[in-house]
Structures are given as structure tokens and as C-alpha cells.
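# Reading the structure
Below, each chain spelled out in residue letters.
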Amino acid sequence: MKKSLLVFIIFLILFPIQVKAESNNNIDWYESTKDLMSEYVNELNTSEWTPYLKYIKEEGVDVFGNESAVEIIMQLVSGQFTFSWKDCLSKLVKIFFRELTLNLVLIVKIIVIAIFCGIFKNMNDSFNNPSVGEVGYFACYSIVMILVVQSFISILTIGKTSIDKMSNFMQLLFPVLIGLLMSIGNFSTAAILQPAIGVLVGSIGSVLTRFIFPLITLSAVTTLLNQVSERIQIKNLGKLLNNLCTWTLAFIFTLFISILAIQGVLTASVDGITIRTAKFAADTFVPIVGKMLSQSLDAIVGCALLVKNAVGAAGLIILTLLCFAPAMKILSFLFLYKFTGALLEPVTDKRIVESLNGIGNVISILLVTIMGVAIMFFLTISLMISTGNTTVMFR
């Protein structure tokens, strides 16, 4: 028996059998992996993303073309998605100057009325008749207040629409990411994140629009009324309202980020150890096919991880575009009010200048509110992406 085995081994050495691997194995593996990820993506509930993609396109910051959400995610998965920051920045600059052009008539009206107000002020100084100058100032300032209030209402509408769009989109994106987290084994993470972040995402928009926006409106009204007459001074009340808005925003942002930081620290480790244990059990205790099951689990989890990261990246891009277009509009208003106040300072009553600068400060608070909401949602998506990646790393 030993001699026969020795002869057989010598025969194999002297006359080796040539074995050729199929050249299409890598191609077949790539195609099967691509089909698996395509199946994952097609099963995602992304049909309700279409209105937000349409809104982005209408605002002039579209970087997706006419692709659907599924096509965008597949491009991100396959690495074929192209994004040009230069093109995006040029579109944002176009929005800024477009808004400047659209509101140029408003600013011209304010400048002309402010010049008349300066004329009445000079009449008051020349003829020593304060009643005539004060009446003329009140008439001009009333017209300025009407123009400012009209523009401020449109600014508030832009801000409220932006926050509502971002909040509603996050409520659509959050369940998709939670489902993908569970598909790669993040059951503990999903169980903890779903109620906590779900409540935060769902409530943050309503809290801001129902509490911060009235405070911002009241601050703007106080700023305008403070300059009606030198006898009425409520400047400190306006500062208090501005500070109250800032403190509330700081508290909300700090609370939100603190909850995010606490959520994903331990859960990713627990989920990673759980998946590693399941792989070890399948590899060790399942006879014959245990190794194959373990490798199949790796492939499935890897594909789901790629899809999750692609969905998260698509969500980050869409969220950024939902924020940037309204932010540029509000920034254009802020620039116009600050520029007009600086331009009119030598030629008109200082109270009009202070009112324009005060409205500019209020608009800056609104801009910070919108950017803060976008950053909070941005961090939320980033946490969910990194949590899944950490889980796979631990396994």
C-alpha cells in the first residue's frame, strides 16, 4: 500500500496535471456582487425622495441631473458618481447674486426714503422746529418699516421652509438607515437609536419653528419699534430676545450632540462582538458547510455595508443642498441690510441705520439656526454611517 502511494506521488511529480482556472471567475464574482447590491438598493424605499430632488433642481443647485434616488445610490456604490465642488460653488454664487438682483428694487426704495429722512433731519436742524422734522421722520420710517417687514416675512418663510424640508427628509432617510444597520447586524444600535434619534429628528423642526421663530420675529419687531421715537427705548429688550434665541439654540445643539455622542459608543462594540460570535459559531459548530456559511455572511454584510454607506452619502449630499440654497438667499438679505446701513450712515438719521443693522443681526440668528439644524442632521447621518463601519471592524 505504501509502495503504491509512493509510486503515485512520483508519477504526479514527473507528469504534473495542468489545471487552468476560469478567467471569468473574477468577472462572475463581480457581477454577482453587483447584482446583490442592486437588489439591496431596489428594495429600499426611496420613491419619496423624488420631491426633494425636484426641489433642489428648482432651486438651481442640482448636481444629480435627472437621475432618480436609486440611480444616485448605485453610482455611489459603484464609484461612478462624480461631484464637482467648483460647479457647486459656482451655482451657489449664482443664487447669491440672483437674490441680490431680485431684492435690488427693495434696497433702492429704502435708500431713497432714507435720503428724504435725512433731508427732514437737516430741516429740523436748520429751522429749529423739531415737530416738522419728527413728523417727516415718522412718515419716512413708517414706509421703511413696511418694506422691511415685507422682506422679513419672506425671509422667515424661506427659513421655515428650509427647516421643514430638512426635517421631513431626515424622517424619510432615518428608517432606511436603521433598516440597513439591522441588515449588517446592528440590532442593539438600531434598538437604541430608533427611539432616541427618531424623537429628536421628529421634534427638532417643530421646536425651532414654534419657539425660536416667534422669538426671532419678536426680536425683529422690537428692533424696529425701538427706533420709532427717541422717547421709546426698548433696546435692552431686543438684546435680551437675541440672547434668548442664542442661548436656546446653544442648549438645543449641545443636547442633541451629547445624545448622539452617548448613543453609538458602546452599541457598535456589542454588535461587532455579536456578529463575530455568530461567525465563529457557524465556522466551528456547523459541519462541512460552516466555513462557506461564514464566508457568505462576510459577503452579505459587506454588500449591505456598501449600500448603507452609499445611502448615507446620498443623504448627506441631498441634505447639504437642501440647506445651502436657502442659506445663500438669507445671506444675500443679510448682506443687503448690512451694506445699506453702512451706505446710509453719513446721509440719514442714525435711527434708520441702527434699525437696518438690527434687522441684519436678527437675520444672522435665523441663518445660524438653519445652519445649526443642517449640522445636527449631518452629524446624525455621519454617526449612523460610522456606527455600521465600526461594527464591521469589530467583527
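Note that the structure is predicted; figures quoted are calculated from it, not measured.

## Some thoughts on the overall build of the protein chain
Scanning the protein chain from N- to C-terminus turns up eleven helices and zero strands. Element order for the protein chain, N to C, with α for helix and β for strand: α-α-α-α-α-α-α-α-α-α-α. For the protein chain, with 395 residues in total, the buried portion stands at 45%. Nonlocal contacts in the protein chain, meaning residues at least 24 apart in sequence, comprise 84% of its contacts between residues at least 6 apart. Counting every atom, the protein chain has about 21,000 Å² of accessible surface; 68% of that belongs to carbon and sulfur.

## Let's talk about the state of the cysteines
For the structure shown, the criterion picks out zero disulfides. Not part of a disulfide, Cys117 finds its nearest cysteine sulfur in Cys140, a span of 5.2 Å.

## Some words on helix α3 (residues 50-59)
Of the residues making up α3, those classed as buried are Tyr52, Leu53, Tyr55, Ile56 and Glu59. One side of α3 holds all its buried residues, which, seen down the axis, span an arc of 155°. Turned more than 90 degrees away from the buried face of α3, the exposed residues are Lys54 and Glu58. Backbone geometry just after α3 places Gly60 at a positive phi near 90°.

## Some thoughts on the packing of aromatic side chains
Inspection of every chain in the model, using the stated rule, returns five aromatic pairs. Three or more aromatic residues joined by ring pairs form one cluster here, namely Phe96, Phe97, Phe335 and Phe339. Across from the ring centre of Tyr55, 4.7 Å away, lies the NZ or CZ of Lys165, which sits over that ring.

## Quick word on the confidence of the model for the protein chain
The pLDDT averaged across the protein chain works out to 75; a share of 72% of its residues lies at or above 70. Element-level pLDDT for the protein chain is lowest in helix α1 (residues 2-14), with a mean of 43, against a maximum mean of 85 in α3.

## Some remarks on helix α4 (residues 69-78)
All of the buried residues along α4 are Ala69, Ile72, Ile73, Met74 and Val77. Positive phi appears at Gly79, one or two residues downstream of α4, with a value of about 80°.

## Focus on the pattern of salt bridges
As a working rule, side chains carrying opposite charge can pair if their charged atoms are close by. For the structure on display, the rule yields three salt bridges. Asp164 is the partner of Lys160 in a salt bridge, and the nearest nitrogen-oxygen pair spans 3.1 Å. Remark: Asp164 and Lys160 occur in helix α7 (residues 130-183); sequence separation between them is four residues, near one turn of the helix.

## Here's the deal with the side chain of Thr222
Tracing the backbone through its elements, the reader meets Thr222 in helix α8 (residues 187-225). One polar contact links the side chain of Thr222 to the main-chain carbonyl oxygen of Leu218, over a distance of 2.7 Å.

## Here we look at the environment of Asp164
Looking at Asp164, the relative accessible area reads 26%, which means it is partly exposed. Residues Asp164 and Thr209, spaced 45 residues apart in sequence, show a C-alpha to C-alpha distance of 8.7 Å.

## Digging into the environment of Ile257
Take Ile257: it is sitting in helix α9 (residues 235-285). Each C-alpha atom, one on Ile257 and one on Leu379, is 7.9 Å from the other, the two residues being 122 residues apart in sequence.

## A look at the environment of Leu200
On the secondary structure map, Leu200 appears in helix α8. Given a relative accessible area of 16%, Leu200 falls into the buried group. C-alpha of Leu200 to C-alpha of Leu255: the two residues are 55 residues apart in sequence and 9.9 Å apart in space.

Criteria and thresholds
Residues numbered from 1 in each chain as written. Predicted model: local features only at pLDDT ≥ 70, side-chain atom pairs only at ≥ 80, totals over all residues. Heavy atoms only, no water. Helix = DSSP H or I, 4+ residues; strand = E, 2+ residues; numbered from the N terminus. Buried < 20%, exposed > 50% of the residue type's maximum accessible area, 1.4 Å probe, protein only. Contact = heavy atoms within 4.5 Å. Areas by Shrake-Rupley, 256 points an atom, 1.4 Å probe, with all protein chains shown as cover. Disulfide = S-S within 2.5 Å. Arc of directions from axis to C-beta. Phe/Tyr/Trp six-rings, centres within 6.5 Å; stacked < 30°, edge-to-face > 60°. Lys NZ or Arg CZ within 6 Å of the ring centre and 35° of its normal. pLDDT = per-residue confidence, 0-100. Salt bridge = Lys/Arg side-chain N within 4 Å of Asp/Glu carboxyl O. Polar contact = N/O pair within 3.5 Å; in protein donor to acceptor, adjacent residues only side chain to side chain.

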